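Per-entry structural report
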Protein chains: 4
Amino acid sequence: MPRGRKVNSSGEKSKKLLQEKAIELFSQFGYHETKISDIVKAANLTQPTFYLYFENKESLYNDLILQFRNEFLENVNRINVGNEDNFIEKLQTNFTALFKFFASNPHLTKIGFYQTEESEELKNIFSQILEEKLKERVEFSDHDIRIFINSIVGAIERLTLTMLFTKEKEPEQLASELINIYFAKELICR
Amino acid sequence: MPRGRKVNSSGEKSKKLLQEKAIELFSQFGYHETKISDIVKAANLTQPTFYLYFENKESLYNDLILQFRNEFLENVNRINVGNEDNFIEKLQTNFTALFKFFASNPHLTKIGFYQTEESEELKNIFSQILEEKLKERVEFSDHDIRIFINSIVGAIERLTLTMLFTKEKEPEQLASELINIYFAKELICR
Amino acid sequence: MPRGRKVNSSGEKSKKLLQEKAIELFSQFGYHETKISDIVKAANLTQPTFYLYFENKESLYNDLILQFRNEFLENVNRINVGNEDNFIEKLQTNFTALFKFFASNPHLTKIGFYQTEESEELKNIFSQILEEKLKERVEFSDHDIRIFINSIVGAIERLTLTMLFTKEKEPEQLASELINIYFAKELICR
Amino acid sequence: MPRGRKVNSSGEKSKKLLQEKAIELFSQFGYHETKISDIVKAANLTQPTFYLYFENKESLYNDLILQFRNEFLENVNRINVGNEDNFIEKLQTNFTALFKFFASNPHLTKIGFYQTEESEELKNIFSQILEEKLKERVEFSDHDIRIFINSIVGAIERLTLTMLFTKEKEPEQLASELINIYFAKELICR
DNA sequence: AATGAATGAGGATTCATTCAT
DNA sequence: GATGAATGAATCCTCATTCAT
């Protein structure tokens, strides 16, 4: 068998390919159940090639986590409820954007938002930011705002998994219903 | 250490001890990061003893998952919203019971409700049962009941982790606030 | 569970039982594929009981080998072709006796004559003794007596396994045919 | 020892080496007494390398058994007693070839013809084929052909072990004497 | 005489990682 | 840029054997 550089190969392309396959496999099988041999096999490359582009398995995984974290926090920080009257509409727009972000890379989201230790930390940060953004605009009287916020975060988390990733609902629908549930109650109990 | 039976040793005691340590370690470090050697070390026993009581690591883990599943579903099936007027109070009582169940064995809950593939399935079952119990009692007009239900489930999931296990809130408080958020809306947006 | 002496139990009985089960299992599965746990399970006893009667697994096995060896060599030494004319009939009687001995304990024979390193040595001894007993009575001219003897031994070995243990032939028949083949040739090749 | 590729190493070479060492060790010590660590030590390699070329110990062993079986049956099937007059000479030639085959790889023969469960099956197949080839050419009158055949097979088995592998006799001599014993009787009993 | 409970010692196997080409 | 070949470092698991009762 010939060794050496493959025809038509380019380092960047191989690296990207490995990353993509890694994201797919990690998201589906998790960190430990995904072997480096699996990743390179999926990319039609060999194990030493992996180490050409990544320090090791853990570092690749951490990179992915970090990548998600940054993109996610960007999205979260972009939430802007403004000073205006249209607070509710704005929030709905922001939620829509967030769901769209999740939907744009479900595999990476699964890794970064559901699979790791850091996921919890990330959700906590999300909660804190959301709390800060909402607490000036919403009257909670004697209710606990943190319970309220955590409920929303939990709802987002679950809906993303069960309705967004399964393509049962669109980002817009989810955001709309969410706003409805948490900010405009009109349920009637018989 | 000499071989053979230890003074004052009893099979049931050892098995229970191993199970307890396993629950603690699995819940803290996860399946793969918990080695059999860790479990037996924590129980002050040796590896062969582990195999005296469990077929292997996976089977022990599956047992724990099953144990949680059974207890959890028992709790869920016990949810009874009755035919009476006091639907809301009853639901609150049921949620309280559920949070109490989670709080009664946080380690096992972490394993069974957050850590495994089966966790997702379990939450889906939870959603379905909840949906069936609620849909006759709540008017959803044109809103999607599944989104509503999944929001509640997500909220329960998140609150258990962030407020119940951290002992920031009591089961009663969480249930009460939850009912408030989802069934008695009085938030005022400025 | 109650411990201690079983009702109706007697040390000798247990020892014999273990020995019998060991012979069966060793002969069927071989030394390594027979676990002490298998033996005691078959005897409906427990592992420590095994060590009450046998030093260890190897020593039990060696005992069995030795037992076979002694009984076998007794039989072999009993071969007596006499000084008389009826040499052939006598030999046939001796072979019959040998086959009967094999048939009387096929399990032990399997262990001692087919399964162990010592089996080979035993067959060599058999060959030597046979050679000594025959060489005075048979004229080999320029043929190699050792080849002749080894052929007989090989035939006995194989026939025991394929025709005696399977009960296809009786010891008498085998001995008779054997004598015929090796000492009274009348085959006609077309 | 440093990790990674050794100087001047080649996969085929290593695999063959491991196979050779395995044959030697298995034939000398048997399956259970030969550890993977022994094999790789003999090949001056490490355990993971073993798994580069073989699925596991059992599969390697089975491969060896199969390899012997195929080569052996090829030899057996090649036996051709023809329609001609020179039946006896032909048979002698065939036996010579068979002994030569055994002598060409005594280690593998020990494994495949003496050591395994499959050995017995193989000898039975040998017997059947031999029976078919001989029964048309030899008049057995009222003697049992199967006893006759099994005697020959047993003789071959034993002579291979005691006279061929020990280099006391050459294939030609053994075949010649064998033919003499079984097909041209001229022993004279005093 | 017999058993429940435990362990020492070792073997098979896996996997991330690295060297030589 | 890429690969073939190899290994260090675990981890799981088994089994004969032994101690306390």
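Residues numbered from 1 in each chain as written. Chains lettered and ligands numbered in written order. Predicted model: local features only at pLDDT ≥ 70, side-chain atom pairs only at ≥ 80, totals over all residues. Heavy atoms only, no water.

With that out of the way, let us pick up the nonpolar core. Of all hydrophobic cores here, the largest spans 121 residues; its most connected members are Phe-72 and Phe-102 of chain C together with Phe-72 and Phe-102 of chain D. With sequence-adjacent residues up to four places away left out, Phe-102 of chain C is seen in contact with Phe-68, Phe-72, Thr-109, Phe-113, Ile-156, Thr-160, Leu-164 and Phe-165 of chain C. (Core = buried A, V, L, I, M, F, W, Y, C linked by side-chain atoms within 4.5 Å. Buried < 20%, exposed > 50% of the residue type's maximum accessible area, 1.4 Å probe, protein only. Contact = heavy atoms within 4.5 Å.)

Aligned on chain B, chain A shows an RMSD of 0.1 Å; the corresponding rotation is 180° and the shift along the axis is 0.0 Å. Such values leave the two copies arranged in the relation of a two-fold axis. Considering only C-alpha atoms, the part of chain A nearest the rotation axis is Gly-154 of chain A, at 2.1 Å. Both copies share a contact surface, since 100% of the interface residues of chain A are interface residues in chain B too. (Least-squares fit on C-alpha atoms with pLDDT ≥ 70 in both.)

Taking 1.5 Å of rise per residue, the 13 residues of helix H9 (residues 171–183) of chain B would be expected to cover 18 Å, and the 18 Å separating its terminal C-alpha atoms lies within 8% of that figure. Restricting attention to buried positions, one finds in H9 of chain B the residues Pro-171, Leu-174, Ala-175, Glu-177, Leu-178, Ile-179, Ile-181, Tyr-182 and Phe-183 of chain B. (Helix = DSSP H or I, 4+ residues; strand = E, 2+ residues; numbered from the N terminus. Expected span 1.5 Å × (residues − 1).)

Turning our attention to the domain arrangement of chain A. A common way to report how large an interface is uses the accessible area buried once the components associate. All names here are of chain A. The domains assigned to chain A are domain 1 (10–54) and domain 2 (62–187). For the pair domain 1 and domain 2, the summed buried surface comes to about 620 Å²; carbon and sulfur atoms form 68% of the total. Summed over the three residues of domain 1 that lose the most area to domain 2, namely Ile-23, Phe-26 and Ser-27, the buried surface amounts to 69% of that side. Linking domain 1 with domain 2 are 0 salt bridges, by the criterion used here. For the side of domain 1 that touches domain 2, the per-class residue count stands at 3 nonpolar, 3 polar and 1 charged. (Domains from an automatic or database assignment. Buried area = accessible area lost by both parts, 1.4 Å probe. Salt bridge = Lys/Arg side-chain N within 4 Å of Asp/Glu carboxyl O. Nonpolar A, V, L, I, M, F, W, Y, C, P; charged D, E, K, R; others polar.)

Let's shift gears to the arrangement of the chains. At the C-alpha level, the nearest point of chain A lies 33 Å from chain C, with no contact between them. Over all C-alpha pairs, chain B and chain D never come within contact, reaching a minimum spacing of 21 Å.

Right, let's get into the protein's contact with DNA strand E. Taken together, 50 residues surround DNA strand E, and among them Gln-47 of chain A, Arg-5, Thr-49 and Tyr-53 of chain B together with Tyr-53 of chain C come closest. Within 4 Å of the protein, the atoms of DNA strand E are drawn from sugar and phosphate moieties in a proportion of 64%. Between DNA strand E and Lys-35 of chain A there is a distance of 3.2 Å, counted from a phosphate oxygen to a side-chain nitrogen or oxygen. Within the side chain of Tyr-53 of chain C, one N or O atom sits 2.5 Å away from a phosphate oxygen of DNA strand E. If you list the elements that add at least two residues to the surface near DNA strand E, you get helix H3 (47–53) of chain A, helix H1 (11–33) and helix H3 (47–53) of chain B, helix H3 (47–53) of chain C together with helix H3 (47–53) of chain D. In the surface near DNA strand E, the residues fall into 18 nonpolar, 19 polar and 13 charged. (Near = heavy atom within 4 Å. Polar contact = N/O pair within 3.5 Å; in protein donor to acceptor, adjacent residues only side chain to side chain.)

Right, let's get into the interface of chain A and chain B. The interface of chain A with chain B comprises 45 residues on the first partner and 45 residues on the second. Here chain A and chain B share an interface that buries about 4200 Å² over both sides, 53% of which is from carbon and sulfur atoms. Where chain A meets chain B, there are 8 salt bridges. In this structure, the salt-bridge partner of Arg-146 of chain B is Glu-168 of chain A, at a minimum N-O distance of 2.4 Å. Summed over the shared surface of chain A and chain B, the number is 14 residue pairs in polar contact (both at pLDDT 80 or more). Secondary-structure elements contributing two or more residues to the side of chain A that touches chain B are helix H1 (11–33), helix H5 (87–104), helix H7 (117–135), strand S1 (138–139), helix H8 (145–164), helix H9 (171–183) and strand S2 (188–189) of chain A. Tallied by class, residues from the side of chain A that touches chain B come to 19 nonpolar, 8 polar and 18 charged.

Time to look at the pattern of salt bridges. Considering all chains together, one arrives at 36 salt bridges over all chains under this definition. For Glu-120 of chain A, the salt bridge goes to Arg-158 of chain B, with nearest N and O atoms at 2.8 Å. Here Glu-120 of chain A, found in helix H7, pairs with Arg-158 of chain B, found in helix H8 (residues 145–164), and the two come from separate chains. The residue Glu-120 of chain C makes a salt bridge to Lys-123 of chain C at a minimum N-O spacing of 3.7 Å. Here Glu-120 of chain C pairs with Lys-123 of chain C, and both are found in helix H7 (residues 117–135), just 3 residues apart, close to one helical turn. One salt-bridge network, held together by shared partners, links Glu-120, Lys-123 and Glu-157 of chain A together with Arg-158 of chain B.

UniProt's feature table lists "domain: HTH tetR-type" (unreviewed entry) at residues 12–72 of chain A, given in the numbering used throughout. Within residues 12–72 of chain A, the helical portion is 85% and the strand portion 0%, while the C-alpha atoms at the span's ends are 25 Å from each other. (UniProt positions renumbered as here; feature names shortened; annotations may be inferred.)

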